[in-house]
Amino acid sequence: MANTTLLQDIKQTVQFALQEDIGDGDITARLIPEQQQANARVICRQEAVICGVAWVNEVFRQVDSNVEINWLVKDGDKVTEDQPLYEMKGPARSLLTAERCALNFLQTLSATATTSAYYASLVEGTGVKLLDTRKTIPGLRNAQKYAVSCGGCFNHRIGLYDAFLIKENHIMACGSIASAVSTAKANEPGKPVEVEVESFAELEQALDAGADIIMLDNFDHAELRLAVAHNKQHTAPAKLEASGGIDQDTLRSIAETGVDYISIGLLTKDCKAVDLSMRFI
């Protein structure tokens, strides 16, 4: 996605998150004298891949631009247990008011990046690209897509607007795979057209229709290998994507069938928040 789109998204999501948390004011922070200054450090309590620097910076910018942040890591860095991530100094009230919102973004996006890095390591050397899906946290689509890339995986379409993914119900409504593909290419020339297929008959139809990418839904290993071989013999081969019921136990063997892509919702929907801690120093 374009950097300008992501920057705008960061501002909007941070603004919403702060309003959600602070409401009409942080009544606990008001216990502290307004002029009191403080220093703080955030550490990561586990091994992780870090993501979310821009979100943390934006949280503190919106809460109090007087807070100074010194980052000791950058997005995509692998960190060890108890490693410091950043240090801050500024009004004590502001540090405390912004703390949870900043850490929420950082722990969630680092979780996505860490999960993505783990899955990427499982297919290292195979040449396959692991793709995310639209199974993201509502409101954090662009953020999680960015985190996936920080972890070494790749983005599928961002949403319903930037690429076609023609599924069973689309095919039924359009009448055929050929009709759906031709209409897609006429409506939005230049945008990728992907077709989900569930059988070899549908694979042949998608190839003949000129699909750019074909998603092989729930094909077993033998079927995937046959599909790869058949695709290579076609006059207009497509990129092939495996999808459906894929986990860490089956990922490597599926990658070795020769498909170009594997889409896996686990990258964004089954992430455990990274354990972070902020302490005054």
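Residues numbered from 1 in each chain as written. Predicted model: local features only at pLDDT ≥ 70, side-chain atom pairs only at ≥ 80, totals over all residues. Heavy atoms only, no water.

*Asks:* Provide a residue-level description of the packing of helix α2 (residues 53-63) against helix α3 (residues 92-122), including the pertinent values.
*Replies:* Following both chains from N to C, one finds α2 and α3 inclined at 160°, their axes separated by 8 Å at the closest point. The angle between the axes of α2 and α3 places the two elements in the roughly antiparallel class. Along this stretch, α2 crosses α3, giving a crossing that reads as right-handed. Contacts between α2 and α3 pair Trp55, Val56, Val59, Phe60 and Val63 from the former with Ser94, Leu95, Thr97, Ala98, Cys101, Ala102, Phe105, Leu106 and Leu109 from the latter. Per-class residue counts for the contact of α2 with α3 are 12 nonpolar, two polar and no charged. (Axes fitted to C-alpha atoms, helices over the stretch in contact; angles between N-to-C directions. Helix = DSSP H or I, 4+ residues; strand = E, 2+ residues; numbered from the N terminus. Parallel < 35°, antiparallel > 145°, perpendicular 65-115°, else oblique. Left-handed = near helix turned anticlockwise from the far one by under 90°. Contact = heavy atoms within 4.5 Å. Nonpolar A, V, L, I, M, F, W, Y, C, P; charged D, E, K, R; others polar.)

*Asks:* Would you mind going over the sheet that holds strand β5 (residues 83-91) in detail, with residue names and values included?
*Replies:* Read across the open sheet, the four strands follow the order β3-β5-β1-β12; overall the sheet is antiparallel. Two strands in the sheet have a free side with no partner beyond their single neighbour: β3 (68-71) and β12 (276-280). Averaged over all adjacent pairs, the angle separating strand axes in this sheet is 20°, with direction ignored. Contacting β3 and β5, α2 runs over the sheet at an angle of about 165° to β3. Of the strands in this sheet, β1 (37-44), β3, β5 and β12 are in contact with α3, which crosses β5 at around 150°. (Pairing = 2+ DSSP bridges.)

*Asks:* Can you tell me about the pairing of strand β8 (residues 193-197), naming the residues and giving the values?
*Replies:* The element β8 is largely enclosed, with a buried count of five among its five residues. Burial along β8 is two-sided: the face carrying Val193, Val195 and Val197 and the face carrying Glu194 and Glu196 are both buried. One ladder, built from three bridges, connects strand β7 (residues 164-166) with β8; its direction is parallel. Residue pairing across strands places leucine 165 opposite glutamate 194, the latter belonging to β8. Direction of pairing for β8 relative to strand β9 (residues 213-217): parallel, over a ladder of four bridges. Along β9, the bridge assignment pairs glutamate 196 with methionine 215. Taking the sense of rotation as the criterion, the β-α-β connection linking β8, helix α7 (residues 200-209) and β9 turns out right-handed. (Buried < 20%, exposed > 50% of the residue type's maximum accessible area, 1.4 Å probe, protein only. Right-handed = clockwise from strand over helix to strand, strands pointing away.)

*Asks:* Tell me about the pattern of salt bridges, residues and numbers included.
*Replies:* Taken as a whole, this structure holds 10 salt bridges when the rule is applied. We note a salt bridge from arginine 61 to glutamate 58, for which the minimum N-O separation is 2.6 Å. One end of the pair, arginine 61, and the other, glutamate 58, are both in helix α2, three residues apart, so they sit about a helical turn from each other. Among the residues examined, arginine 61 registers a relative accessible area of 45% and is labelled partly exposed. Judged by relative accessible area, which is 9%, glutamate 58 ranks as buried. Among the salt bridges present, the one from lysine 74 reaches aspartate 77, with a minimum N-O distance of 3.1 Å. (Salt bridge = Lys/Arg side-chain N within 4 Å of Asp/Glu carboxyl O.)

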